[in-house]
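Below are the chains, spelled out letter by letter.
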Amino acid sequence: MTRKISITEIPDVMEDAIVFLVAATTSEWTARVKKATPVDTSRLRNSWQTEIKPTSGTIINNLPYAEPVCYGENLPPSWQGQYRTRQQRTAGFPELIGKELQKWALDEYEKIKRRL
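Here's a quick rundown of the structure. (Residues numbered from 1 in each chain as written. Predicted model: local features only at pLDDT ≥ 70, side-chain atom pairs only at ≥ 80, totals over all residues. Heavy atoms only, no water.)

A few points about the overall build of the protein chain
At step 1: A tally of helices and strands in the protein chain yields 4 helices and 2 strands.
At step 2: Along the chain direction, N to C, the helices and strands of the protein chain fall in the order α-α-β-β-α-α.
At step 3: For the protein chain, the C-alpha radius of gyration of 19 Å lies well beyond 13 Å, the compact-globule estimate for 116 residues.
At step 4: Each of the three principal axes of the protein chain carries a C-alpha extent, and together these read 65 × 20 × 20 Å.
At step 5: Per-residue burial for the protein chain yields a buried fraction of 29% across its 116 residues.
At step 6: Counting contacts in the protein chain only where the partners sit at least 6 residues apart, residues at least 24 apart contribute 51% of the total.
At step 7: With the model as given, the accessible surface of the protein chain reaches about 8,100 Å², and the carbon-plus-sulfur share is 53%.
At step 8: Computed over 17 positive and 14 negative side-chain charges, the inter-centroid distance for the protein chain is 7 Å. (Helix = DSSP H or I, 4+ residues; strand = E, 2+ residues; numbered from the N terminus. Rg over C-alpha atoms; globule rule 2.2 N^0.38 Å. Buried < 20%, exposed > 50% of the residue type's maximum accessible area, 1.4 Å probe, protein only. Contact = heavy atoms within 4.5 Å. Areas by Shrake-Rupley, 256 points an atom, 1.4 Å probe, with all protein chains shown as cover. Lys, Arg positive; Asp, Glu negative; His and termini not counted. Charge placed at Lys NZ, Arg CZ, Asp CG, Glu CD.)

If you want it as structure tokens, here you go:
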């Protein structure tokens, strides 16, 4: 069933859809990256911070060892130049999750369009 809207309502309807999609995608990315974050003390996993604004979402982790563990960059000397985690994660796993979410976000958008 399609919803009938007047031409003057289109901007508000689309803005609502975009705001919803940004929040949903940011929340989904946060959930996935937390689940994928290697756990030793849980400090790294619990340090992900999410900020959702109407048209943008930001996810950060300010721990000093987040970059080596998540991206394999700026490795500490004790790693002897080799990326490794106890859970055998792939360096750059947050980026890979972001790429997976592109399809997820498109699917969510299609669901939104069907409801309009």
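Don't stop here, the text continues.
With respect to a nonpolar patch on the surface
At step 1: Together, Ile-5, Ile-7, Ile-10 and Met-14 make up an exposed nonpolar region whose accessible area comes to about 340 Å².
At step 2: Looking at the element boundaries, Ile-5 is found in the segment before α1 (10-36).
At step 3: In this structure Ile-5 comes out as partly exposed when scored by relative accessible area, which is 31%. (Patch = residues over 30% accessible without salt bridge, like charges linked within 9 Å, V, L, I, M, F, W, Y side chains within 5 Å. Salt bridge = Lys/Arg side-chain N within 4 Å of Asp/Glu carboxyl O.)

Focus: the packing of aromatic side chains
At step 1: Applying the stated criterion across every chain, the model contains 2 aromatic pairs.
At step 2: Ring plane angle 85° and centroid distance 5.9 Å describe the contact between Trp-29 and Trp-48, whose orientation is recorded as edge-to-face. Here Trp-48 lies in the loop between α2 (43-46) and β1 (49-53) and Trp-29 lies in helix α1, a separation of 19 residues in the sequence. Both residues of the pair, Trp-29 and Trp-48, belong to the buried class.
At step 3: Their ring planes at 70° and their centres at 6.1 Å tell us that Trp-79 and Tyr-83 sit as a pair that is edge-to-face. (Phe/Tyr/Trp six-rings, centres within 6.5 Å; stacked < 30°, edge-to-face > 60°.)

Regarding the layout of surface pockets
At step 1: Here the largest pocket defines a volume of roughly 290 Å³.
At step 2: Surrounding the largest pocket, 14 residues form its lining, Pro-38, Val-39, Asp-40, Val-69 and Arg-86 being those nearest its centre.
At step 3: Considered class by class, the residues forming the lining of the largest pocket number 6 nonpolar, 4 polar and 4 charged. (1 Å grid on protein atoms, 1.4 Å probe; cavity = no way out; pocket = protein on both sides within 12 Å on 5 of 7 lines; lining within 4 Å. Points joined across faces, edges and corners; volume = space filled by probe spheres on them. Nonpolar A, V, L, I, M, F, W, Y, C, P; charged D, E, K, R; others polar.)

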